[in-house]
Amino acid sequence: MPYLAAALDPQLAGQQLRSTAEPTLASCDVRQVRLLRHKVGRRALVEYTLEVRPEGQPPAL
């Protein structure tokens, strides 16, 4: 699963969420990432804790 490392990185995951068409996700930051389940080489269940920013506020770094 070559994309798992990126999915577990809060900054990269946040960039992906903000790039979606969903307006609500455009104003969120990923605060925590947890790998809940992982079947090596097959699948993974990842939990994201998000913080929604006030409109117009830039993403946290």
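Structure's up top.
Residues numbered from 1 in each chain as written. Predicted model: local features only at pLDDT ≥ 70, side-chain atom pairs only at ≥ 80, totals over all residues. Heavy atoms only, no water.

A.B. asks: Which residues make up the pairing of strand β1 (residues 28-39), and what values do they have?
C.D. replies: A regular strand places its side chains so that they alternate between the two faces of the sheet. Both β1 and strand β2 (residues 43-52) contribute to a ladder of ten bridges, which runs antiparallel. Bridging from a neighbouring strand, Asp29 pairs with Glu51 of β2. In this structure, the hairpin formed by β1 and β2 is closed by a connection of three residues, where Gly41 is found at a positive phi of approximately 75 degrees. (Pairing = 2+ DSSP bridges. Helix = DSSP H or I, 4+ residues; strand = E, 2+ residues; numbered from the N terminus.)

A.B. asks: Can you break down a positive patch on the surface residue by residue, with the values?
C.D. replies: Taken together, Arg37, Lys39, Arg42 and Arg43 make up a surface patch of like positive charges. Relative to the assigned elements, Arg37 resides in strand β1. (Patch = residues over 30% accessible without salt bridge, like charges linked within 9 Å, V, L, I, M, F, W, Y side chains within 5 Å. Areas by Shrake-Rupley, 256 points an atom, 1.4 Å probe, with all protein chains shown as cover. Salt bridge = Lys/Arg side-chain N within 4 Å of Asp/Glu carboxyl O. Lys, Arg positive; Asp, Glu negative; His and termini not counted. Charge placed at Lys NZ, Arg CZ, Asp CG, Glu CD.)

A.B. asks: Talk me through the side chain of Asp29; I want residue IDs and the actual numbers.
C.D. replies: Within the element layout of this structure, Asp29 appears in strand β1. Polar contacts involving the side chain of Asp29 include one to the side chain of Arg18, which spans 3.4 Å. (Polar contact = N/O pair within 3.5 Å; in protein donor to acceptor, adjacent residues only side chain to side chain.)

A.B. asks: Can you break down the environment of Arg34 residue by residue, with the values?
C.D. replies: Mapping Arg34 onto the fold places it in strand β1. On the basis of relative accessible area, Arg34 is assigned to the partly exposed category, the value being 40%. Sequence-wise, Arg34 and Pro10 are 24 residues apart; in three dimensions their C-alpha atoms are separated by 9.9 Å. Excluding residues within four positions of it along the chain, Arg34 makes contact with Leu45, Val46 and Glu47. (Buried < 20%, exposed > 50% of the residue type's maximum accessible area, 1.4 Å probe, protein only. Contact = heavy atoms within 4.5 Å.)

A.B. asks: Tell me what's going on with the environment of Thr20, and back it up with residues and numbers.
C.D. replies: Within the secondary structure, Thr20 sits in the loop between α2 (10-18) and β1. With a relative accessible area of 33%, Thr20 lands in the partly exposed category. At 2.8 Å, the side chain of Thr20 and the backbone oxygen of Leu17 are in polar contact.

None of this, on its own, says anything about what the molecule does.
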